[in-house]
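Structural overview
The lines below spell out each chain.
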Amino acid sequence: MTENTYDTIIIGGGPGGLSSGIYAKRAALNVLLIEKGVLGGQIVNSDEVENYLGFEHIGGAELSMKFGQHAQTYDLDIVSREVAEIIPGADFHTVKLANGDTYRTCSIIMAMGGNPRKLDIPGESEYYGKGVSYCAVCDGFFFRNKTVMVIGGGDTAAEEALYLSKLAKKVYLAHRRDALRASMILQQRIFSECKIEMLWNTIPTGILAEADGVSSVALQDTVTGDKQEMPVDGAFIFIGFEPSNQLVPAGVKMTAEGYVVTDEKCETSIPGIFAIGDLMEKYARQIITAAADGCTAALAAAHYVEAKKSSDECHLE
Ligand code: NAP
């Protein structure tokens, strides 16, 4: 078991975590970033990004790689491990890893993001990887010239339906209402793509499969109650997002939906513990807002660490 000490520990290596790493290093903090998967966050799975300032058009994987490379030019200390627990303390906080290693730190920036929301209908988990998917970029290739259904009405569903329309023979886009939530520019693209057919006021009630994978989706009309089975080869589910809040320590204020409540410095209800990006309660969950949160939290953490040290409360050496 190792025990190390830091000014700030960042948990999560998406755009928010990496941006906070850069700002924390520039503020001369002794900083550690912990990421259990690959650096770059959810955008690794995005086909194209067109709204990140400075890049008219860039692949999600390429942009996430650039984020990681930029952070590494600051010699950011990164460990590829799973965090098991965050233990708040009056003088310092503790981060415990799943392998038993323990780190003491003045401040923590939680940047754990979130995961795709599940429909929780029969067949969804059973046929995951056999035609049920939450990532068109990862799995779309297997559906070339096939028929797929995308479920959802937000930006993600619209973007992924457009991506799939480049590969598949036909894309049904099933949405539970009669208007999309997605941005206007995406809606215009959806409505002008002849391979995409809208299924309005439609919810899936089950996913059915045969030996070689998904064969159809059972649907219900939310207005008439009519039921039908639509033959498809794949079901791509994009119905939103759930914050990864399992590590958020007791005592941190959260919304009913599980997002962490912060002040304008991204600080939570526990002093010295910050939350950023998709994990925090906020209006817009975008790559650029996650990166901006990372900046805010790191600058605020630097200020917090300095104040703690000058009051002699956080001398961890
Ligand atoms: P979202 O905006 O929350 O949309 C989720 C969609 O799924 C909504 O249309 C919702 O219907 C539908 N839905 C939710 N639960 C459902 C259920 N149980 N059954 C059927 N349908 C259900 O999620 P998102 O599209 O993943 O986007 C998340 C955030 O990331 C948003 O802020 C979005 O703007 C952002 N984003 C931005 C970009 C971009 O700018 N390029 C790309 C992707 C995501 P209702 O509309 O009826 O609620």
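Just so you know, these numbers come straight off a predicted model, no measurement behind them.

Okay, the overall build of the chain next. Looking only at helices and strands, one finds 6 helices and 19 strands in the chain. Its C-alpha atoms give the chain principal-axis dimensions of about 70 × 40 × 35 Å. Residues counted as buried form 50% of the 317 residues belonging to the chain. Within the chain, counting contacts between residues at least 6 apart in sequence, those at least 24 apart form 59% of the total. If you sum the accessible surface of the chain, you get close to 15,400 Å²; carbon and sulfur atoms cover 50% of it.

The next point concerns the environment of Asp 139. Residue placement: Asp 139 occurs in helix α3 (residues 136–139). Judged by relative accessible area, which is 24%, Asp 139 ranks as partly exposed. Excluding anything up to four places from it in sequence, Asp 139 contacts Ser 133 and Phe 236.

Quick look at the sheet that holds strand β12 (residues 170–174) now. Here 5 strands make up an open sheet; going across it, the order is β10-β17-β11-β12-β13 and the pairing parallel. On the outer flanks of this sheet lie β10 (132–133) and β13 (196–199), each paired with one strand and no other. Of the pairings in the sheet, the one linking strand β11 (residues 147–151) to strand β17 (residues 234–237) comprises 4 bridges and is parallel in character. The residue of β17 that forms the bridge with Val 150 is Phe 236.

Mapped onto the fold, Met 65 is located in helix α2 (residues 60–72). What makes Met 65 partly exposed here is its relative accessible area of 47%. On a C-alpha basis, the gap between Met 65 and Ala 174 in space is 33 Å, while along the polypeptide they are 109 residues apart.

Where helix α1 (residues 15–26) contacts helix α6 (residues 287–310), the two axes come as close as 7 Å, and the packing angle between them is 35 degrees. Both α1 and α6 take part in a crossing whose hand is right-handed. Facing α1, whose interface residues are Pro 15, Gly 16, Ser 19, Ser 20, Tyr 23 and Ala 24, α6 presents Ile 287, Ala 290, Ala 291, Gly 294, Cys 295, Ala 298 and Leu 299. For the contact of α1 with α6, a count of residues per class yields 9 nonpolar, 4 polar and no charged.

This part covers α1. Helical geometry note: an α-helix holds 3.6 residues per turn, so side chains three or four residues apart project in the same direction. Between its first and last C-alpha, α1 extends 17 Å over 12 residues, near the 16 Å set by a 1.5 Å rise per residue. Summarising burial for α1: 9 of the 12 residues are buried, a large majority. Within α1 the residues assigned to the buried category are Pro 15, Gly 16, Gly 17, Leu 18, Ser 19, Ser 20, Gly 21, Ile 22 and Ala 24.

Around the ligand, 17 residues are found, and the nearest of them are Asn 51, Asp 155, Glu 159, Arg 177 and Arg 181. Between Gly 154 and the ligand, the recorded distance is 3.3 Å, taken from a backbone N or O atom to an oxygen atom. The side chain of Thr 156 places a nitrogen or oxygen atom 2.8 Å from an oxygen atom of the ligand. Taken by itself the ligand offers 910 Å² of open surface, and the protein chains cover 75% of this. Here the shell around the ligand is built from residues that sort into 3 nonpolar, 8 polar and 6 charged. Split by domain, the residues of the shell around the ligand number at least three in each of domain 1 (5–115 + 241–310) and domain 2 (118–237).

Reading guide: rules and limits
- Along each chain, residue indices are assigned from 1 in the same order as the chain's sequence is written.
- Per-residue local features are limited, in this predicted model, to residues with pLDDT of at least 70; the limit for side-chain atom pairs, both in listing and counting, is 80 or more; totals at the level of whole chains, interfaces and linings are taken over all residues.
- Computation of side-chain values: all heavy atoms of the structure, hydrogens and water removed.
- Numbered from the N terminus, helices here are DSSP runs of H or I no shorter than four residues, and strands are runs of E no shorter than two.
- Buried, partly exposed and exposed residues are distinguished by accessible area as a fraction of the type maximum, computed with a 1.4 Å probe on protein chains only: under 20%, between the cut-offs, and over 50%, respectively.
- Contacts were defined at the residue level, with two residues in contact if any of their heavy atoms lie within 4.5 Å.
- Exposure was quantified through the Shrake-Rupley algorithm and a 1.4 Å probe, taking into account, for residues, occlusion by the shown protein chains and nothing else.
- By this definition, two strands are paired if DSSP reports at least two bridges between them.
- The axes used here are C-alpha line fits, helices contributing only the stretch in contact, and every angle between their N-to-C directions lies in the interval 0 to 180 degrees.
- A clockwise turn of the near helix away from the far one marks a right-handed crossing, whereas an anticlockwise turn of less than a right angle marks a left-handed crossing.
- In this classification, Asp, Glu, Lys and Arg are treated as charged, Ala, Val, Leu, Ile, Met, Phe, Trp, Tyr, Cys and Pro as nonpolar, and every other residue, Gly included, as polar.
- Expected helix span is computed as 1.5 Å times (number of residues minus one).
- In this text, near means that some heavy atom of the residue lies within 4 Å of the molecule or strand in question.
- Under the rule applied, a polar contact is a pair of N or O atoms within 3.5 Å (in protein, one hydrogen donor and one hydrogen acceptor; residues adjacent in sequence only if both atoms are side-chain atoms).
- Where each domain begins and ends follows an automated or database-derived domain assignment.

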